[in-house]
Amino acid sequence: MSTPGTPVIGVLALQGDVREHLIALAAADAVARPVRRPEELAEVDGLVIPGGESTTISKLAVMFGLMEPLRARVRDGLPVYGTCAGMIMLADKILDPRSGQETVGGIDMIVRRNAFGRQNESFEAAVDVTGVEGDPVEGVFIRAPWVESVGAGTEVLAEHEGHIVAVRQGNALATSFHPELTGDHRVHGLFVDMVRADRTPQSL
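Note that the structure is predicted; figures quoted are calculated from it, not measured.

Undergrad: Would you mind showing me how to read the packing of aromatic side chains here?
TA: Each aromatic ring pair is described using two quantities: the centre-to-centre distance and the angle formed by the ring planes. What the rule picks out here adds up to six aromatic pairs. Seen in terms of ring centroids, Phe123 and Phe141 are 4.7 Å apart; in terms of plane orientation they differ by 10°. Their pairing is stacked. Separated by 18 residues along the polypeptide, Phe123 in strand E7 (residues 123-127) and Phe141 in strand E8 (residues 137-141) bring together distant segments of the chain.

Structure representation (C-alpha cells):
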C-alpha cells in the first residue's frame, strides 16, 4: 500500500521498453508496477504507455480487454504519460494509421508515425522541455513520431528542428523521445509531480 505522498504508477506492460520505465519511475520516487489487466489498471494513480510498436500495443490492448477501460480512465482524468509509441496511443488522431490501429486518445493532437525516419535513422538530440529545470533533456529518438498540430487546449512543451516533440493537455503528457533510456529521470519526475498533484485533496 502506498503512503499518501507516494503515488502508484503503472506501466502498460503489453509490449515495449517496460522495464526501463519501471526503473525511471522508481528513481523519481513513485511505486512502479506493470499493468496488463483491467483490475491492475484500476489500482494505479497514473499510467505510462511506453515506446514499442504502436499498432502492436493497440491490438494487444484490445485483446487483453484494456482499451475501453484505458479510454474511460483517461477521460476521467487519470494522469497518463506516453513516450514514442505511447504518444501515438494518446493522440486523438493519427495522420497515417495502419489498418486496425486504434488509439486511447486524450490529447487533442494529430501525430505522424515514424516521422523522423526508420530505425536506422534514430538519433539523440538535446531538447529544452518546458517544466523541466536545468540543462536540456537528452532526447533519444527511435522511429519517432512528431506532432503535426495541436488543439487550443494542448500546450507545446518542446520542439526539435521546428517539429513538436512534447505536449501536455491537462493530466496527459507525451514525448516523441525516450527519456527512460538516458538515466536522466527529470521528465519522469515531472510526470510523478503531475500524479502527486492529482492525488492532493482539493479541500478538507
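Undergrad: Explain unusual backbone geometry here, please?
TA: Glycine aside, residues mostly have negative phi angles, and peptide bonds mostly take the trans form. Non-glycine residue Cys84 carries a positive phi angle of around 55°. Along the chain, Cys84 falls in the loop between strand E4 (80-83) and helix H5 (85-90). Residue Cys84 is classed as buried on the basis of its relative accessible area, which comes to 5%. The backbone phi angle of Arg143 is positive, close to 45°, even though this residue is not glycine. You can see Arg143 is positioned in the loop between E8 and strand E9 (146-150).

Undergrad: How should I be thinking about helix H3 (residues 54-63) in this particular structure?
TA: A turn of α-helix holds 3.6 residues, and therefore any two residues three or four places apart point the same way. Residues Ser54, Thr55, Ile57, Ser58, Leu60 and Ala61 constitute the buried set of H3. Summarising the contacts, the buried residues of H3 are in contact with strand E1 (8-12), helix H4 (67-75) and H5. By the N-cap criterion, in which a side-chain oxygen at the helix start approaches the backbone nitrogen of a residue two or three places on, H3 is capped by Glu53, the distance to Thr55 being 3.0 Å. At the C-terminal side of H3, Gly65 shows a positive phi close to 70°.

Undergrad: Teacher, can you tell me more about the pattern of salt bridges here?
TA: Once their charged atoms are close, side chains differing in charge can pair, the charge on each being opposite to the other. Under the criterion given, the structure shown has 10 salt bridges. For the salt bridge of Arg37 with Glu40, the shortest nitrogen-to-oxygen distance reads 3.5 Å.

What counts, and at which threshold
- Residue numbering note: each chain is counted from 1, following its sequence as written.
- Under the rules for a predicted model, residues below a pLDDT of 70 receive no local features and side-chain atom pairs below 80 are neither given nor counted, while totals for whole chains, interfaces and linings still include all residues.
- In computing side-chain values, all of the structure's heavy atoms are included and hydrogens and water are not.
- Whether two aromatic rings pair depends on their centres lying within 6.5 Å, for rings of Phe, Tyr and Trp, where Trp uses its six-membered ring; planes under 30 degrees apart make the pair stacked, over 60 edge-to-face, and the rest tilted.
- Every helix listed is a DSSP run of H or I at least four residues long, and every strand listed is a run of E at least two residues long, numbered separately from the N terminus.
- Think of it in three bands: with a 1.4 Å probe and only protein chains considered, a residue is buried below 20% of the maximum accessible area for its type, exposed above 50%, and partly exposed in between.
- By definition in these notes, contact holds between two residues if any of their heavy atoms fall within 4.5 Å.
- Any pair of nitrogen or oxygen atoms within 3.5 Å is treated as a polar contact; in protein, a donor-acceptor pairing is required on top of that, and neighbouring residues in sequence qualify only through side-chain atoms on both sides.
- Here, a salt bridge means any Lys or Arg side-chain nitrogen found within 4 Å of an Asp or Glu carboxyl oxygen.

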